[in-house]
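An overview of the molecular structure
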Amino acid sequence: MKVIIQRVSEGTCSIDGEISGSITEGLVVLAGFTHVDTHREVEWMAEKIVNLRIFENTDGKFDKSLLDISGEVLSISQFTLYGDAQKGRRPSFTEAARPEGAEPLYHLFNEKLREKKVTVAEGKFGADMQISLTNNGPVTLTLESPGPKA
C-alpha cells in the first residue's frame with residue numbers, strides 16, 4: 001500500500017460538481033493499493049498515519065499527531081500511485097490492484113481510520129474526482145507499507 005499525505009488547513013472532493021467530502025485541519029490522503037496488499041498493510045498504514053507527528057507544537061516543532069490535534073482525513077482512492085513511467089511515454093499500471101481487490105481495501109482503510117476515532121470524509125472509488133486543498137506548510141509525505149510477510 002502506498003499513500004501520499006498532505007497536511008492541510010482544508011480539503012474538498014467534488015464529483016460532477018457536487019461535494020462528496022470536505023475537511024478542515026488534518027490530512028488529505030491519496031491511497032493506492034497493489035495486488036499483494038491485504039488487511040495487514042491497511043492496518044499498518046492506518047496506525048502509521050494517525051500517529052505520525054507532523055503537526056506543530058507551540059514551539060513550531062513537528063511533535064503532534066492527527067490524534068493529538070483531533071484532525072480529520074479526506075481519503076481519496078488513487079490507483080495511479082502505482083503507475084510506472086520508467087519506459088515509454090504512457091504509464092503502466094500493472095502493479096496497481098484491480099478494482100475488485102482495491103475497492104474493499106479502500107473501504108477497510110477508511111474504517112480502520114474511523115476505528116481510531118478519526119473523522120473521515122471520502123471520495124468515491126473509481127469516480128472522476130476534483131480535489132481542492134490548502135497544503136499547510138507545505139507538508140507532503142509519501143509512505144509505503146512494508147508489504148506482506150513472505
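Residues numbered from 1 in each chain as written. Predicted model: local features only at pLDDT ≥ 70, side-chain atom pairs only at ≥ 80, totals over all residues. Heavy atoms only, no water.

1. Some details on the overall build of the chain
A tally of regular secondary structure across the chain gives 2 helices and 8 strands. When its helices and strands are written in sequence order, the chain yields β-β-β-α-β-β-β-α-β-β. Computed over its C-alpha atoms, the radius of gyration of the chain comes to 15 Å, within 12% of the 15 Å expected for a compact globule of 150 residues. In terms of principal-axis extent, the alpha carbons of the chain reach across some 45 × 45 × 30 Å. Counting the 150 residues in the chain, one finds 41% classified as buried. A separation of at least 24 residues holds for 72% of the contacts in the chain among residues at least 6 apart in sequence. Accessible surface for the chain amounts to roughly 8600 Å². Of this, 47% is attributable to carbon and sulfur atoms. One finds the centroid of the 17 positive side-chain charges in the chain at a distance of 6 Å from the centroid of its 22 negative side-chain charges. (Helix = DSSP H or I, 4+ residues; strand = E, 2+ residues; numbered from the N terminus. Rg over C-alpha atoms; globule rule 2.2 N^0.38 Å. Buried < 20%, exposed > 50% of the residue type's maximum accessible area, 1.4 Å probe, protein only. Contact = heavy atoms within 4.5 Å. Areas by Shrake-Rupley, 256 points an atom, 1.4 Å probe, with all protein chains shown as cover. Lys, Arg positive; Asp, Glu negative; His and termini not counted. Charge placed at Lys NZ, Arg CZ, Asp CG, Glu CD.)

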